[in-house]
Amino acid sequence: MSLLPVPRPEEWEHIDLAEAHALALHAPLGVWERVEGLLQLVRLAALRQLPQRTRRILADVDTLLAGVEVPVELTRSIDAERLWMSISERGDVAEVAALLDDGLAQLDACGPDELATRARLLFCIGYSAAWLNDPARLTRAVDWLGESVGLYRVLDEPELQAQALLTLGYIVYPAQRLYGRAITALERSVRLLPPGSSARGVHLTYLAEQRIIIDDLVPAEAELREAHALGGRHGDQRLIGYAAWELARIADLRGDAVTCDRWIAEAEHHGGEWYGRTSGNEFVADTVLWAYRQGRADAARDRYRTLAERGDRITEGQDLGARGLVALLDGDPRAGAELIQRHLDLEWQEPRKWHWQILLADAWLQAGESDRATRLAAQVRDELSLLGLTWLASRREPARWARVSATLEPDVAAVRLEVFTVPTVVSGGQRRILPDGRPAALAGLLAVAGHALSIEEVCDELWPDAAPTIARRRLRNVMARLRAAAGHDLVQRVSDGLRLDPALRVDCVDFERAARTSTREDGVPSARELRSILDSFGEGLLPGVGGERIEAHRRRLARLATGVRRRLVDVLRDAEDPDAAAAEAERVLADDPFDEELAVSIARSYAMAGNGAAARVWEERARSIAADLEL
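Overview of the structure.

What counts and what doesn't
- Residues numbered from 1 in each chain as written.
- Predicted model: local features only at pLDDT ≥ 70, side-chain atom pairs only at ≥ 80, totals over all residues.
- Heavy atoms only, no water.
- Helix = DSSP H or I, 4+ residues; strand = E, 2+ residues; numbered from the N terminus.
- Contact = heavy atoms within 4.5 Å.
- Expected span 1.5 Å × (residues − 1).
- Buried < 20%, exposed > 50% of the residue type's maximum accessible area, 1.4 Å probe, protein only.
- Axes fitted to C-alpha atoms, helices over the stretch in contact; angles between N-to-C directions.
- Parallel < 35°, antiparallel > 145°, perpendicular 65-115°, else oblique.
- Nonpolar A, V, L, I, M, F, W, Y, C, P; charged D, E, K, R; others polar.
- Salt bridge = Lys/Arg side-chain N within 4 Å of Asp/Glu carboxyl O.

## Digging into the environment of arginine 34
Move 1: As for its placement among the helices and strands, arginine 34 is situated in helix H3 (residues 31–47).
Move 2: When the C-alpha positions of arginine 34 and histidine 21 are compared, they lie 10.0 Å apart, and in sequence the two are 13 residues distant.
Move 3: Leave out the neighbours within four places in its chain, and arginine 34 touches Ala24, Leu25, Ala27, Leu29 and Leu64.

## Side note on helix H30 (residues 578–591)
Helical geometry note: an α-helix holds 3.6 residues per turn, so side chains three or four residues apart project in the same direction.
Move 1: In a regular helix each residue adds 1.5 Å, so 14 residues correspond to 20 Å; H30 covers 20 Å between its end C-alpha atoms and thus fits that length.
Move 2: Listed as buried for H30 are Pro578, Ala580, Ala581, Ala582, Glu584, Ala585, Val588 and Leu589.

## Overview of the packing of helix H24 (residues 438–449) against helix H26 (residues 468–486)
Angle between the axes and distance between the axes: these two values describe a pair of packed helices.
Move 1: In the contact formed by H24 and H26, the axes pass within 9 Å of each other and the chain directions differ by 85 degrees. Considered as vectors, H24 and H26 are oriented roughly perpendicular to each other. Judged by residue contacts, Arg438, Pro439, Leu442 and Ala443 of H24 engage Leu475, Val478, Met479, Arg481 and Leu482 from H26.
Move 2: Each residue belonging to the contact of H24 with H26 can be placed in one class, and the counts come to seven nonpolar, no polar and two charged.

## A closer look at the pattern of salt bridges
Move 1: Overall, the coordinates contain 47 salt bridges when judged by the stated rule.
Move 2: For the salt bridge of arginine 120 with glutamate 81, the shortest nitrogen-to-oxygen distance reads 3.2 Å. Here arginine 120 is found in helix H7 (residues 115–132), whereas its partner glutamate 81 is found in helix H5 (residues 72–88), with 39 residues between them in sequence. The two residues arginine 120 and glutamate 81 agree in class, both being buried.
Move 3: The salt bridge involving aspartate 216 is made with arginine 211; its shortest N-O contact spans 3.5 Å.
Move 4: We classify aspartate 216 as partly exposed; its relative accessible area is 28%.
Move 5: Given the relative accessible area of 8%, arginine 211 is considered buried.
Move 6: A network of salt bridges, in which partner residues are shared, links Asp252, Arg293, Asp362, Glu397, Arg400 and Arg403.

## What to know about unusual backbone geometry
Most peptide bonds are trans, and most residues other than glycine sit at a negative phi.
Move 1: In this structure, asparagine 133 is a non-glycine residue whose phi angle is positive, near 60 degrees.
Move 2: By the secondary structure assignment, asparagine 133 is in the loop between H7 and helix H8 (135–154).
Move 3: Of note in this structure, threonine 421 is not a glycine but carries a positive phi near 65 degrees.

Spelled out as structure tokens, the structure:
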């Protein structure tokens, strides 16, 4: 029996790992062959999320290699599997950061021909960076995981490609609020897994969850029903329960309380281990929200009692949102609002925070706190505008959004901050160029952050090597210089640090909003609109200004600009203007030289226009890119 390569996903449900483990360990083969077989089973155990089996197999690898001179390449391969085991059992932030550094060191030592080990290490460090969830590391995670996907493609390991794509689609891109990219990555991961496998069902649930966030409910429902059926076929209680959970969410969003209750009962019937853990608490809390939205006060209270009875199993603050909804039902809007605010402060509702902010704003209105309601409504409006989903608030919460949005003034700002190309403040028809260096960096840092940053975060970005007392003194000087140059208090002190004046219009925010809207699949932007967006990007974010966070945002915004230019290529191609499309494609390929599909599309465009010579040039370009990808 051959143990190589890793069993394909269609075989996963039919392989008894314990039996395969024993066979690999005692097979009449040499030590190296048995170790290679065991390492393949380690990866399979990891994909099945079986840590105890993973540890047992690795322990047997150590036993086989005891007293044997082990090639350094094999040692690195084993260390890569141990690294993933440690990451999958991750603890606190410091521990994961240390594992990330360990993985980077292993990658530096890895030879260029050790493709399988490099792919595993790239996945490990990409996953670690994604879990740490800060802008700079998320940007690097995209690169590391993308390279991992490419290597696994070369190695013909579709299930490991799918695992890396899942990390991009479920962790990295959603954290960057790039839901279109998240969906694309997850669609690719699903296509890599064969129909009928439970792995496909798991990936379908993750894909559907991202679709639900942007209200793409029809395909999400179809994907969840397929996942539910696959869970039933394989007896996977977790898959059945999770698919039912999200199907209940869809029913609630459609206002169908009967179907919602039916799926809730299905999820509870197939609770399994997930129901007794943190995810089970989140599920029960969601059922309270759904009953509240459906106007079923008694059901909401009953479900909250179920949640409260879970006692010590409730993680800190996990029940605060549901408790706040019950307080609203009990006629105490102030208490309800304070509980919901505490819940949101603990970041339990990302990426549905904007929805809860509508509930919170409505509660503050009931409590007579119209200023608080207005601030929250403005945050919701800006967040959904940034995502290109301005209509979603009125669809999800029509009555409540009508009440809270009525408190908003027209969105007109007298002062505009520009951080693209030349940092400038525009006010009253006058343009004031900001001083180079730290003043411009401070304005840009707060602009791209989109929220308050602590004094420590700002100082660490602007003066990473300075002592805290020195950095704080320098920060005060920079703020004074910025105020004098701008003629306006751009930066405000708040309880949790520094933020930009929320009344400012900021060019990078306007650009991001327009870029996301223009690249939505259901949008029909004109070439003129797309060129206008690209013109506003100019030379990019704060050219020449350094800093880890700024660099991460610079790359993120540059990728958005490349996405707009890709859309421009499509629009020009559809308008049967292959020369203009090719000119824009050249600029895309300058940023992304491995976009094979783009080159193929230009070749087809020229062919349809009857320009065979140009079509052949671009066909050869596509073949060259494909060859480079296979290296």
